[in-house]
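What the coordinates show
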Amino acid sequence: MSFLEHLEELRKRLMRSVFAIAGAFALCLGYSRNILDYLIRPIRPFLGENKPVYLDLAEPFMLYMKVAFLASLFLAAPVILYQVWAFIRPGLYPKERRYAVPFVLFATVFFVLGGAFGYGVAFPVACKFLLSVAEGFTPALRVSSLFAFESKMILGMGLVFELPTVVYFLSRLGLITAGFLWRNFKYAILIIFIVAAVITPTPDVVTQCLFAGPMIVLYLIGILVAHVFGREPAARRGAEEG
C-alpha cells in the first residue's frame, strides 16, 4: 500500500470507530445518571453525610455527557480494537492474520478487567489515602473533579492491563521472547515508574504505586505468557519460508 492508501485506510478505520462510539454514546446517555451513581459509590463510605457538589449551572449537564462518553468507550471497545487490528492486518503474514478474534477477545477482556480494577481497587484506595491526609477538614468535593480523577484511574488501568495481550501477540509474531523481557526487567521497572508518574492523576507516591504495582505484575505475567506461547524469531522465519 502507498502512503496515501495507508492514510485512506486509517481514515476509514477511525470513522468506523467514531461511529461505534457515537452509537454507544447515544445508548449510554439515557443511563448516565445511573452510571454516575455507580461510579461514585466506592467513595461514599469515606464522605459520611457529605455529598459531592457542583459550582457551575451547566456542570451537571456536561458531567453526564462525559459519563456517557466514558461508558461508550468500554461498550464500543470490541469494535475499536477490531479496527486497530484491521489497520495493521495488511502488514502481517497470512498465518498471522488468523489472530484477529483472539486479539479482539483478549484485548477487550483485559481492558474491562483493568477498568474494573481501577474502579474497585485503585480508586477507593487512592481516595482513602488522600482523604486521610486531609483529616480534620470537611470535604466539599466537586463532582466534576471527582469524576475526572476516577475516569483517569479507570482508563489508565484499562490501558495498563493490555500489557499481557500485547506481549502475547508480539511473542507469537516472534518479535520478542521471554528471555528478552527477563533480561530487560530492571529497565522495564524504570520505564514502568516513569509511565506511572505520567499517567497518575495526582503527584502523590501512593497513587503512582497503584499504577506501577499492577504494571510490574503484568510484566511478569507477560514473561510467562511469552515463555508459554511465544516462539523464537528464527523459528518464525523458518515457518514463513516453509
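This text goes with the structure placed above it.
**A word on the overall build of the chain**
- On a plain count of helices and strands, the chain comes out with 12 helices and 0 strands.
- Going residue by residue from the N terminus, the α and β elements of the chain occur as α-α-α-α-α-α-α-α-α-α-α-α.
- When the backbone C-alpha atoms are referred to their principal axes, the chain occupies close to 70 × 40 × 25 Å.
- Looking at the chain as a whole, 40% of its 242 residues are labelled buried.
- Of the contacts formed within the chain by residues at least 6 apart in sequence, a portion of 83% connects residues at least 24 apart.
- Counting only carbon and sulfur atoms, one obtains 70% of the accessible surface of the chain, whose full area is about 13900 Å².

**A word on helix H2 (residues 32-40)**
- Looking only at H2, the buried set comprises Ser32, Leu36, Leu39 and Ile40. Relative to the axis of H2, the buried residues are bounded by an arc of 90° and lie together on one face.

**A few points about the packing of aromatic side chains**
- Summed over all chains, the structure comprises 11 aromatic pairs.
- Where Phe117 meets Phe161, the ring centres are 5.6 Å apart and the plane angle is 35°; that geometry is what we call tilted. Of this pair, Phe117 sits in helix H6 (residues 100-133) while Phe161 sits in the loop between helix H7 (143-160) and helix H8 (163-172), and the two are 44 residues apart along the sequence.
- Through a chain of ring-to-ring contacts, three or more aromatic side chains come together here, namely Trp85, Phe103, Phe106, Tyr168 and Phe169.

Criteria and thresholds
Residues numbered from 1 in each chain as written. Predicted model: local features only at pLDDT ≥ 70, side-chain atom pairs only at ≥ 80, totals over all residues. Heavy atoms only, no water. Helix = DSSP H or I, 4+ residues; strand = E, 2+ residues; numbered from the N terminus. Buried < 20%, exposed > 50% of the residue type's maximum accessible area, 1.4 Å probe, protein only. Contact = heavy atoms within 4.5 Å. Areas by Shrake-Rupley, 256 points an atom, 1.4 Å probe, with all protein chains shown as cover. Arc of directions from axis to C-beta. Phe/Tyr/Trp six-rings, centres within 6.5 Å; stacked < 30°, edge-to-face > 60°.

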